[in-house]
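Listed below, chain by chain, are the residues.
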Amino acid sequence: MGMVAKSTLMKWHYITGLILVVVVGIHLAFRWPSYEASIEWAGPHGVYEQLMNTGYMAAIFILLYAATYHAMNGLRTLLLELHQGRYWNVAVDVVIIIVGVFIVIVGTVALVGALSVI
Amino acid sequence: MSSAKADIKIEIKRRVFTFRVKRYDPKTNGYKWSEYKVEVTNRQTVLDALLKIKATQDATLAVRYSCRMGTCGSCAMVINGTPRLACETKPFELGTDVITVEPLSNLKPIKDLVTDMDDFFEKHKSVDPWLIRKDEKEQFEKLDTYYPQTEEQLLNYLEFSYCIKCGACYAACPMVFLNKNYLGPQALAAAYRWSADNRDEGYVLRLKVIDSDNGVWSCHYSGTCSKVCPKGVDPALAINLLKKSLLTGKPPAR
């Protein structure tokens, strides 16, 4: 990712980190008051109700994208620190982009699929 | 007055210390430990002791030194596990009877305690550690207003200009150990020192190096560089000030 300044990557790393605190907080808040009830399909706090909540679903989409970026950039940094080499750096970038795009596609398809059920 | 003068006495204590020296042998490409017992006084340094060993016990012991007064940075080595200047470290002040001496870590050894500083200086050079002006001719034309600077502007970078390039911070850095391409604390502190100088206009040029995978972002702020610096420079602070500049998009305070 030589074409992007490292500071740009890190700026987004910190921004997504802060976003994650908020959206993971929202995600956890929806397990309240009963975790069991929150993972049931029906019911007052169940999955159906969560899917119907636009704000919550927006947070979940943001969670998917922010977590993917944050995790992939963190993994890239870690791998580049563990080992060095011209081919290694290119291989890490390629693998990180492929895995990241794959997670985003699978996650988006899963969430859109869930929304299409309701 | 004369009686007061007579009262002044320099107390000389003597003690025998055991020096365990980790020596690199370029022929075998391996290390071995040598032990020497040597008497030193409370006024002498580890460098004095090593030179005494060299003069009286083992002439093959290789040590690099020059000024003997903490200015040149040539005699940096790992003493009792910490990178220090041998000429500024007194055996009496270390608090141990056995003193271990090793070559600086994170640098290729040449012989015994002497390390190859080429990589270190190449990294230093890569940040363009000198005054960069857009107009190179002006220094010959406007001599009456030659790069003015207030005391406040000087204080923005003064601490970082005290670096003597001894390599102690570089040897103490766990990230240099992990990533040999990482510029390291010395080069990055030098980059800050020049970028924070109001007379300099080279900050943008240095970005290519400092804002890279092996630049400031490889620092995880262990702080060991600042802890071992014999001159009281705080490279970790310089690195974090550079990070701040990169994140805010503003050049260092000048």
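Residues numbered from 1 in each chain as written. Chains lettered and ligands numbered in written order. Predicted model: local features only at pLDDT ≥ 70, side-chain atom pairs only at ≥ 80, totals over all residues. Heavy atoms only, no water.

### Details of the overall build of chain B
Scanning chain B from N- to C-terminus turns up 12 helices and 7 strands. For chain B, the spread of C-alpha atoms along the principal axes amounts to about 60 × 60 × 35 Å. Within the span of chain B, comprising 254 residues, buried residues form 45% of the whole. Considering only contacts in chain B between residues 6 or more positions apart, those separated by 24 or more positions represent 64%. When the accessible surface of chain B is split by element, carbon and sulfur atoms take 53% of a total near 13400 Å². Within chain B, one finds 38 positive and 31 negative side-chain charges whose respective centroids are separated by 5 Å. (Helix = DSSP H or I, 4+ residues; strand = E, 2+ residues; numbered from the N terminus. Buried < 20%, exposed > 50% of the residue type's maximum accessible area, 1.4 Å probe, protein only. Contact = heavy atoms within 4.5 Å. Areas by Shrake-Rupley, 256 points an atom, 1.4 Å probe, with all protein chains shown as cover. Lys, Arg positive; Asp, Glu negative; His and termini not counted. Charge placed at Lys NZ, Arg CZ, Asp CG, Glu CD.)

### Thoughts on the sheet that holds strand E1 (residues 14-25) of chain B
Residue and element names in this part refer to chain B. Here 5 strands make up an open sheet; going across it, the order is E2-E1-E5-E3-E4 and the pairing mixed. A single partner strand is all that each edge strand has here, and the edge strands are strand E2 (30-41) and strand E4 (82-85). Across the sheet, the mean angle from the axis of one strand to that of its neighbour is 35°, orientation sign disregarded. Inspection of the sheet shows E1 paired to E2 by 12 bridges, in the antiparallel sense. Paired with Val21 across the strands is Ser34, a residue of E2. Contacting E1, E2, strand E3 (76-79) and strand E5 (98-102), helix H2 (residues 46-56) runs over the sheet at an angle of about 105° to E2. (Pairing = 2+ DSSP bridges. Axes fitted to C-alpha atoms, helices over the stretch in contact; angles between N-to-C directions.)

### Brief notes about the pattern of salt bridges
Considering all chains together, one arrives at 16 salt bridges over all chains under this definition. One salt bridge in this structure joins B:Glu88 and B:Lys231, with 3.8 Å as the shortest N-O distance. Of the two residues, B:Glu88 sits in the loop between E4 and helix H3 (91-94) while B:Lys231 sits in the loop between helix H11 (224-228) and helix H12 (235-248), which places them 143 residues apart along the sequence. Residue class for B:Glu88 comes out partly exposed when judged on its relative accessible area of 39%. Taking the shortest distance from any N to any O, the salt bridge between B:Asp119 and B:Lys108 comes out at 3.9 Å. One end of the pair, B:Asp119, is in helix H4 (residues 118-126); the other, B:Lys108, is in strand E6 (residues 108-111), with 11 residues separating them in the sequence. The class for B:Asp119 is partly exposed, based on a relative accessible area of 39%. Overlapping salt bridges bring together A:Lys6, A:Arg76, A:Asp93 and B:Asp213 as one network. (Salt bridge = Lys/Arg side-chain N within 4 Å of Asp/Glu carboxyl O.)

### Quick notes on the domain arrangement of chain B
Residue and element names in this part refer to chain B. For chain B, the assigned domains are domain 1 (14-116) and domain 2 (118-248). Placing a centre on the C-alpha atoms of domain 1 and another on those of domain 2 gives a separation of 29 Å. Together, Pro83, Asn106 and Asp116 form the three largest contributors to the area buried by domain 1 at its contact with domain 2, with a combined 43%. Here domain 1 and domain 2 share 2 salt bridges between them. (Domains from an automatic or database assignment. Buried area = accessible area lost by both parts, 1.4 Å probe.)

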